[in-house]
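# Fold and contact review
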Amino acid sequence: MGSQSQLPKDVAGATSNGFKLDFAQLIDLLPCYISIQDRDLRILFANRQFQSDFGAAAGKLCHTVYKGSPTVCPGCPVQNTFRDKRTHVKEETVQLATGKICQILIQTSPILGHDGEVAAVIELSTNITAIKKGQKELKTLGQSITLLSHGIKNILEGLEGGAYVVDEGFKDDDLPLARKGWNIVNKNISEITDVVKNILYSSKNRPLKYEAASPGRLVKDSIALFKEKAAGLNINLKTQIAHRMPEVQVDIASVRQMLHNLIWNGLQACLNDNDKKNHIVTVKTDRYDDHHFYFEIADNGIGMDPATRRNIFEEFFSTKGSAGTGLGLAVVEKVVNKHGGRIEVRSTPGKGTRFTIIFKCG
């Protein structure tokens, strides 16, 4: 075979109105990549869809077109078809002419010459990037449901335990015991409220509602919610609020949720650190420059290694096992991105972590 000129010229038969398709036109209309390659993996023919996504390919080696690589892909299905005259199927990650990375499903078939040997191989490929993404999302969804179920189960068990202590206190007319039980109930109500808020925020894409707000007031309000909890954990919760901070335009509800998640993250980092006697979480706000301000939440807890640091903003990634949902920091990143801000994270294992959130003043 060896060349495009030997392909049939017309599709046999005609439609009811006499319309006939040229064979090459028909190949170009197919929504997939079609190429014909010789034994050297040189492309002899490529249809329009192939050339549209990978550029001019005729005369070039397959692996240089797909991957810009001088070496043949491991387990090359075209080579396998030349070797055994059979059809082969393989998934590959390739790079389009635009630089975009995608995944394709390749199927190869032999084109036999007059002597019965493989003269060329036709390769048909389909872009399956969207399908693979959907499969990954379904897998992540299953994992997330498991994580959330464990997290909520732990909180509900805490609620049941606190309610039992309250009941025992009332039965024995023991008010201090009832108060102790209520504190347990109240703590778990707060935790499940945060979980639900994070789930709602991560699942909805609501527009921001910008309002004038004082960064200092936002910090004070958030600290007030955690003051008792921090004291109960024997953690010093401090604030540093710059004087004469101007009012800024932010979505108050989402920024509050962001601060709550970061403060609670800092408290947990201290709680999980057994090497220090004194733990501190500091929440700070100040001007960054003439057009920006920042929030800073720093702790002297367990810190993070580089591998953990790279994954902290991934949804459902948690270092706390069943004690965490992996949504808190994912929501933080979402809030920051929607405000057009940025996050800087510095962390050292055994020493602590510092989150700096930078927003525009306007």
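Residues numbered from 1 in each chain as written. Predicted model: local features only at pLDDT ≥ 70, side-chain atom pairs only at ≥ 80, totals over all residues. Heavy atoms only, no water.

### Here we look at the sheet that holds strand S11 (residues 342–348)
Keep this limit in mind: Pairing between two strands is assigned when DSSP locates at least 2 bridges connecting them. Starting at the N terminus, helices and strands are each numbered in turn, a helix being any DSSP run of H or I of at least four residues and a strand any DSSP run of E of at least two. A fitted line through C-alpha atoms represents every axis, and for helices the fit uses only the stretch in contact; the resulting angles, taken between N-to-C directions, go from 0 to 180 degrees. Between two residues, a contact is recorded if the distance between any of their heavy atoms is within 4.5 Å.
In spatial order, the strands read S7-S9-S10-S12-S11; together these five strands make up an open sheet with mixed pairing. Single-partner strands in this sheet number two, and they are strand S7 (235–241) and S11. With direction set aside, neighbouring strand axes in the sheet form an average angle of 15°. Pairing of S11 with strand S12 (residues 352–360) involves seven bridges; the strand directions are antiparallel. In the strand pairing of S12, arginine 346 is matched with arginine 354. Packing of helix H8 (residues 252–271) onto the sheet brings it into contact with S7, strand S9 (279–289), strand S10 (292–299) and S12, and relative to S10 it is tilted by some 25°.

### Focus: empty space enclosed by the protein
What counts, and what does not: A cavity here means a set of 1 Å grid points, computed over protein atoms only, where a 1.4 Å probe fits but cannot escape. A pocket is an open set with protein on both sides within 12 Å along at least 5 of 7 lines, and lining residues have an atom within 4 Å of a point. Grid points are joined across faces, edges and corners, and a volume is the space filled by probe spheres set on the points. When residues are grouped by polarity, Ala, Val, Leu, Ile, Met, Phe, Trp, Tyr, Cys and Pro land in nonpolar, Asp, Glu, Lys and Arg in charged, and all others, Gly among them, in polar.
Throughout the structure, instances matching the rule amount to one cavity of 30 Å³ or more. Lining the largest cavity are Leu41, Cys62, His63, Tyr66, Val72, Cys73, Cys76, Pro77, Val78, Glu92, Ile106 and Glu123. Where the lining of the largest cavity is concerned, the elements lending two or more residues are helix H3 (62–67) and helix H4 (77–84). When residues in the lining of the largest cavity are grouped by element, the largest group, three residues, is from H3. Residues of the lining of the largest cavity, tallied by class, amount to nine nonpolar, one polar and two charged.

### Examining the packing of aromatic side chains
Quick reminder of the rule: Within 6.5 Å between ring centres, the rings of Phe, Tyr and Trp (the latter by its six-membered ring) count as paired, and their orientation is classed by plane angle as stacked under 30 degrees, edge-to-face over 60, tilted in between. The buried label applies to any residue whose accessible area, calculated with a 1.4 Å probe on protein chains only, is under 20% of its type's maximum; exposed applies above 50%, and partly exposed to all values in between. In this analysis the charged atom, NZ for Lys or CZ for Arg, is taken to sit over a ring once it is within 6 Å of the ring centre and within 35 degrees of the ring normal.
Throughout the structure, instances matching the rule amount to nine aromatic pairs. Taking 6.3 Å as the distance between ring centres and 85° as the angle between the ring planes, the aromatic pair formed by tyrosine 288 and tyrosine 294 counts as edge-to-face. The exposure class of tyrosine 288 is partly exposed, given its relative accessible area of 39%. Using a relative accessible area of 10% as the deciding quantity, one classes tyrosine 294 as buried. For the ring pair phenylalanine 293 and phenylalanine 295, a centre distance of 5.4 Å and an interplane angle of 85° mean the geometry is edge-to-face. For phenylalanine 295, a relative accessible area of 0% corresponds to the buried category. Linked through ring pairs, Tyr33, Phe50, Phe54 and Tyr66 together constitute an aromatic cluster. Stacked on the ring of tryptophan 264, the Lys or Arg lysine 229 has its end atom at 4.4 Å from the ring centre.

These figures capture arrangement, not role.
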